[in-house]
Amino acid sequence: MMEVGEWRRSSPSERVAGIILAGGASRRMGANKALLSLNGESLIERTVRCLEQVCGRILLSANDPDSFRHLGVECVPDVYPGQGPMAGIHAALMASDRPWNMVAACDMPFISPALLGALLGLAEAGQGQGDPAAAGPGAVIPVIQGRIHPLLALYRKETAAGLERRLQEGELRMTDWVEELDALLVPEDQLEALMGCSPRKAVFNMNRPEDYEEACRMDAED
Ligand SMILES: Nc1nc2c(ncn2[C@@H]2O[C@H](COP(=O)(O)OP(=O)(O)OP(=O)(O)O)[C@@H](O)[C@H]2O)c(=O)[nH]1
């Protein structure tokens, strides 16, 4: 079993698939967020590059494969189109053959291997589980500045079954789904200790043009 922090030596892990969510409409941005560029590299390219450092297989959750063919990454369309990120997670989990699945939205330009690795280390170590015989958490989700971040989190493949039911019944509130998972919610201070830096920048996400401008400023500061 992988110890917390071991990812630094043994990544990428064949036990984990990376699922990149890129099937949204980007209505608020007014342009496909995944294809916006930061410092000459598109967001989707940045995200693939980051996840490849940690995950042994990459799945792109999107419904317009032509936009992403140049990446050479396996594309999985939604089984329930037009239902939002939960439908993207569902389809990719169904397609995955890995026990753990690292979901990342394509609109988070500063996700880092350090954060992904910290979450994976906790998942593999089964931290937070009182009963050593228990199966362990169904998900590992960061809590940063008091908010859960289910679109940058780890899920067991088996959690697809609950999603399927919710999608069939039209129960599309992400927080309701997370509540039914036996999720390990990882507090900010624990992540900071594991990463050696604050995780706040890593969960910055872009919805509107002004967020993109802010991301360009933040990137230039690096
Ligand atoms: N596969 C899939 N991904 C989605 C879907 N809706 C949103 N996403 C992804 O989930 C993440 C968060 O999306 P949002 O910002 O909530 O929605 P969006 O549709 O991209 O943007 P808006 O139209 O402005 O709400 C992004 O990475 C999206 O690409 C969907 O229906 N299917």
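Residues numbered from 1 in each chain as written. Predicted model: local features only at pLDDT ≥ 70, side-chain atom pairs only at ≥ 80, totals over all residues. Heavy atoms only, no water.

1. Looking at the UniProt feature "binding site: Mg(2+)" (unreviewed entry) in the protein
Applied cut-off: UniProt positions are given in the numbering used here, feature names are shortened, and annotations may be inferred rather than shown by experiment. Helix and strand labels come from DSSP, where a helix needs a run of H or I of at least four residues and a strand needs a run of E of at least two; each type is numbered from the N terminus. Any pair of residues with heavy atoms lying within 4.5 Å of one another is described as a contacting pair. Think of a polar contact as two N or O atoms within 3.5 Å of one another; within protein, one of them needs to be a possible hydrogen donor and the other a possible acceptor, and neighboring residues in sequence only count if both atoms come from side chains.
In the numbering used here, UniProt assigns the feature "binding site: Mg(2+)" (unreviewed entry) to D107. With respect to the helices and strands, the residue D107 is situated in the loop between β6 (100-105) and α4 (113-125). Apart from the residues lying within four places of it in its own chain, the contact partners of D107 are K33, L43, F204, N205, M206 and N207. For D107, the side chain forms a polar contact with the side chain of K33, separated by 2.8 Å.

2. Looking at the pairing of strand β9 (residues 152-156)
Side-chain direction in a regular strand flips from residue to residue, so the side chains alternate between the two faces of the sheet. We apply this condition: Only protein chains enter the accessibility calculation, which uses a 1.4 Å probe; a residue is then buried when its area is under 20% of its type maximum, exposed when over 50%, and partly exposed in between. Two strands are counted as paired when DSSP detects at least two bridges linking them.
Where burial is concerned, most of β9 is hidden: five out of the five residues are buried. The side-chain alternation of β9 yields two buried faces, one formed by L152, L154 and R156 and the other by A153 and Y155. Alignment of β6 against β9, held across five bridges, turns out to be antiparallel. Its bridge partner being in β9, W100 is matched across the sheet by R156. With two bridges connecting them, strand β7 (residues 139-144) and β9 associate as antiparallel partners. Across the sheet, A139 pairs through a bridge with Y155, a residue of β9.

3. A short note on the pairing of β6
With six of six residues buried, β6 is to be regarded as a mostly interior element. Neither face of β6 is exposed, since W100, M102 and A104 on one face and N101, V103 and A105 on the opposite face are all buried. Sheet analysis places strand β1 (residues 13-21) next to β6, joined by six bridges and oriented parallel. The residue bridging V16 from the neighbouring strand is W100, located in β6.

4. Re the state of the cysteines
This is how the line gets drawn: Pairs of cysteine sulfur atoms within 2.5 Å are what we label disulfides.
One pass over the structure, following the stated rule, counts zero disulfides. Of all cysteine sulfurs, the one in C50 lies closest to C197, which takes part in no disulfide; the gap is 12 Å. C216 takes part in no disulfide bond, and the closest cysteine sulfur, belonging to C106, lies 15 Å away.

5. Observations regarding the nonpolar core
Short version of the rule: Working definition of a nonpolar core: buried Ala, Val, Leu, Ile, Met, Phe, Trp, Tyr and Cys residues. They are joined through side-chain atoms within 4.5 Å.
Membership of the largest hydrophobic core comes to 41 residues, with the highest contact counts inside it found for I44, L60, V140 and L154. No other element matches α4, which puts eight residues into this core. Beyond its immediate sequence surroundings of up to four residues, L60 is in contact with I20, A22, I44, F68, L71, V73, E74, C75 and V76. In terms of nonpolar packing, the next biggest core, distinct from the first, is built from 20 residues, I19, V76, M86 and A92 among them.

6. Considering unusual backbone geometry
Look at N39: it is not a glycine, yet its phi comes out positive at around 55 degrees. Of note, N39 is situated in the loop between β2 (37-38) and β3 (41-42). Even without glycine at this site, Q145 takes up a positive phi of about 50 degrees. Within the fold, Q145 resides in the loop between β7 and β8 (147-148). Owing to a relative accessible area of 54%, Q145 belongs among the exposed residues under this scheme.

7. Description of the environment of Y80
Turning to its location among the elements, Y80 is positioned in the loop between β5 (74-76) and α3 (85-95). Linking Y80 and N39, residues 41 residues apart in sequence, is a C-alpha distance of 34 Å. Ignoring sequence-local partners within four residues, the contact set of Y80 consists of A87, H90, E164, L167 and Q168. A polar contact of 2.6 Å, which involves the side chain of Y80, links it to the side chain of E164. A polar contact is formed between the side chain of Y80 and the side chain of Q168, at a distance of 3.3 Å.

8. Points about the site of the ligand
Going by this rule: When we say a residue is near a molecule or strand, we mean one of its heavy atoms is within 4 Å of it. Only the protein chains shown count as cover for residues, and all accessible areas are computed by the Shrake-Rupley method using a 1.4 Å probe.
Within the structure, the ligand sits among 19 residues, and L21, A25, R27, K33 and D78 are positioned closest to it. Note that an oxygen atom of the ligand is positioned 2.9 Å from one of the side-chain N or O atoms of R28. Note that an oxygen atom of the ligand is positioned 2.7 Å from one of the side-chain N or O atoms of K33. The protein chains hide 86% of the 610 Å² of surface that the ligand would expose on its own.

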